[in-house]
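Chain by chain, the residues run as shown.
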Amino acid sequence: MADEKKIPRRPLPNVKEPDTAPFWAGTREGELRYQRCDDCETIVFYPRHHCTNCLGRNLSWHVSKGEGTVYTYSVIRQAYHPFFRSKVPFAVAWIDLDEGPRVLSNLTGIEDPSNGVSIGQRVTVDWEEHEELSIPLFRPL
Amino acid sequence: MATQARAAAIVGIHEYPSRDVEGAVTPLHIKTESALRALEDAGLTIADVDGIYDAGDGGMMSGLAISEYFGIKPNVIDTTMVGGSSYEYHAAHAARDIAAGKCRVALLTYGSTAHSNAFAIGVGGRGGPAAAPWDNMDGFTGMTLVSNYAMVAHRHMYEYGTTSEQLAEISVATRYHAMRNPEAVAGMTALEFMDIRETTIEDVVNSRIIADPLHLLECCMISDGGGAVVIASAEVARDCKKAPVWLLGSGEATGYPENGGDITTSAAAQSGPSAFGEAGVTPSEIDIAMIYDSFSITVLALLEDLGFCKKGEGGAWVEGGRLRFDRPNDGPALNTDGGGLSSNHPGMRGIFLLIEAARQLRGESTSQVDGAKLAVAHGNGGMLGSRHCAGTVILGKD
Ligand SMILES: [Zn+2]
């Protein structure tokens, strides 16, 4: 058991945080959810309890197809956290989902992140499953 | 110029010299020592201080903590905490409070032992239980501080064709200034920098990559340090030991990720025009640009946002050593103390921007620009590539 404790783990979100709980609940169903305001149609992301345009509370949850474009990225070569230190080099990216939300994630399924990532690259969600939730990573389409 | 208020001025400064205190000194000691020296520099005493400005490095409820630690009972307590830009906000607020007659002598202090505590500021963090919804959406990615800024650099390169060689100009210029600043050289020595000399663009782009596309020599250091700034009313300033450095204008702004937003444009695009407008000056009149150099890209993006050149043209604009102090006809000299890249960076560098700007306008810099009259100090707090605060202050001499 002592050995198992040493395996570094990805830091996971708090599934009970009220604003983002529905998002993380969705990941268990393989759904990449985002909010849209019923009154003014503004896309809201990160999730919260009101619209960032009109402050209205009439937000609906929608499900993204999970496809998008790399807006920008970096390949991390030095990290302090034990899990991420074990992953270097790895790519972190802002991804523009086709429906509008801009999400931060890691790129996966790339042999050599030094050459395999580019701005404008098309990507699709790739779930990393955990006990209480799944983490939306993205891989090239 | 006729509209400038000139109600408040920096009258005392001190930069704590050590970059490595080796554990014997606390942040509170650094704040106290710096306060005493800055007051001495002004010809004032702690009994004259009636305004306290603190960014929380003194502990919880830091306005109270610092007042008690110093043994004073100020009339104004401002604990604005916006990371590295806190001190530009404090200067702006002190000028406002003094103009309103709420206080006469404002004291700003900063102390940090980030190096001695081995804080992994640039590559660490991220992973504790998330309290806020925004953290809950990005903590799982392992995004480091360096990679956050690196993503701004990548997009800047993609949109405008900016190169690593152009970004390296910023590192080269600040090191050029640092080599003329004995305290910066002593600091780099204490922190065991490998190769303490003027650098070339090749040196920078050949240093190892920390997070693509940013190289080691494009990242600020992690040091101990601190300092203090005394700001006084025009009436008090008249009787101080040194010439006043007037606070002519200021601006504040927030920036954060927006769906479909432009990551290459920072909150400085909002705070800059506000500060220049209030001061009644234009970027082309500025002699000294003290711009928060957490990374090379920070300076490039901020120079554009502050209006020194157009968005996207920063890369070409900084080429050819333009930012050096001995090129006064080419525009402002950048970070003439050596900056966070080559002098010191204890975590929140904003106070040093005010201190070196004041040195230049007094004629006391180790990379002195002859006849420097106007300076801008621009602090960036938080993370440029996601959520950050901007504080711009315009300073001028008589
Ligand atoms: Zn709305």
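The preceding data block contains the structure.
What comes next is a walk through the structure. Values in this document were obtained by computation on a predicted structure and should not be read as measured data.

Rules used throughout
Residues numbered from 1 in each chain as written. Chains lettered and ligands numbered in written order. Predicted model: local features only at pLDDT ≥ 70, side-chain atom pairs only at ≥ 80, totals over all residues. Heavy atoms only, no water. Helix = DSSP H or I, 4+ residues; strand = E, 2+ residues; numbered from the N terminus. Buried < 20%, exposed > 50% of the residue type's maximum accessible area, 1.4 Å probe, protein only. Contact = heavy atoms within 4.5 Å. Areas by Shrake-Rupley, 256 points an atom, 1.4 Å probe, with all protein chains shown as cover. Polar contact = N/O pair within 3.5 Å; in protein donor to acceptor, adjacent residues only side chain to side chain. Axes fitted to C-alpha atoms, helices over the stretch in contact; angles between N-to-C directions. Parallel < 35°, antiparallel > 145°, perpendicular 65-115°, else oblique. Core = buried A, V, L, I, M, F, W, Y, C linked by side-chain atoms within 4.5 Å. Patch = residues over 30% accessible without salt bridge, like charges linked within 9 Å, V, L, I, M, F, W, Y side chains within 5 Å. Salt bridge = Lys/Arg side-chain N within 4 Å of Asp/Glu carboxyl O. Pairing = 2+ DSSP bridges.

Helix and strand content of chain A: 3 helices and 8 strands. Along the chain direction, N to C, the helices and strands of chain A fall in the order α-α-β-β-β-β-α-β-β-β-β. Expressed along its principal axes, the backbone C-alpha trace of chain A runs to roughly 50 × 40 × 25 Å. When the 141 residues of chain A are sorted by exposure, 46% land in the buried category. Taking as baseline every contact in chain A between residues at least 6 positions apart, the subset at least 24 positions apart corresponds to 53%. Total accessible area on chain A stands at roughly 7,300 Å², and carbon and sulfur atoms take up 45% of it.

Next up on the list: the environment of threonine 141 of chain B. Relative to the helices and strands, threonine 141 of chain B is located in the loop between helix H4 (133-136) and helix H5 (145-160). Using a relative accessible area of 0% as the deciding quantity, one classes threonine 141 of chain B as buried. Each residue touching threonine 141 of chain B, except ones within four places of it in the same chain, is listed here: Arg10, Phe84, Phe90, Val92, Leu104, Ser105 and Asn106 of chain A. At a separation of 2.8 Å, a polar atom in the side chain of threonine 141 of chain B contacts the main-chain carbonyl oxygen of aspartate 138 of chain B. In this structure the side chain of threonine 141 of chain B is engaged in a polar contact, spanning 3.2 Å, whose partner is the backbone nitrogen of methionine 143 of chain B.

Further remarks concern the packing of helix H6 (residues 164-178) of chain B against helix H11 (residues 296-306) of chain B. Residues and elements named next belong to chain B. Contact geometry for H6 and H11: axes closest at 8 Å, N-to-C directions at 100°. It follows that H6 is roughly perpendicular to H11 by the angle criterion. Contacts from Leu167, Ile170 and Ser171 of H6 reach H11 at Ser296, Ile297, Val299 and Leu300.

All names here are of chain B. Val11, Leu44, Ile291, Ile297, Phe308 and Ile394 are the most contacted members of the largest nonpolar core, which totals 77 residues. Among the elements that line this core, the one with the most residues is H5, at 8 residues. Filtering out sequence-adjacent residues up to four positions away, isoleucine 394 remains in contact with Trp246, Leu247, Leu248, Gly249, Ala275, Phe276, Ala279, Val281, Ile286, Ala375 and Val376. Ala8, Tyr87, Tyr176 and Ala372 belong to the second largest nonpolar core, which has 40 residues in total.

With that settled, the discussion passes to a nonpolar patch on the surface. Residue and element names in this part refer to chain B. Taken together, the side chains of Met60, Met61 and Leu64 define a hydrophobic patch exposed on the protein surface, amounting to about 410 Å² of accessible area. When you line up the elements, methionine 60 lands in the loop between strand S2 (51-53) and helix H2 (62-70). Since its relative accessible area comes to 77%, methionine 60 is described here as exposed.

Residues and elements named next belong to chain A. On the basis of which strands lie adjacent, the open sheet formed by 3 strands has the order S2-S1-S3 and antiparallel pairing. With one partner strand each, in any of the chains shown, strand S2 (43-44) and strand S3 (59-64) form the two edges of the open sheet. One ladder, built from 2 bridges, connects strand S1 (residues 32-37) with S2; its direction is antiparallel. Note on S2: the bridge partner recorded for arginine 36 is isoleucine 43. Against the sheet, helix H2 (residues 21-28) contacts S1 and S3, and its axis sits at roughly 140° relative to S1.

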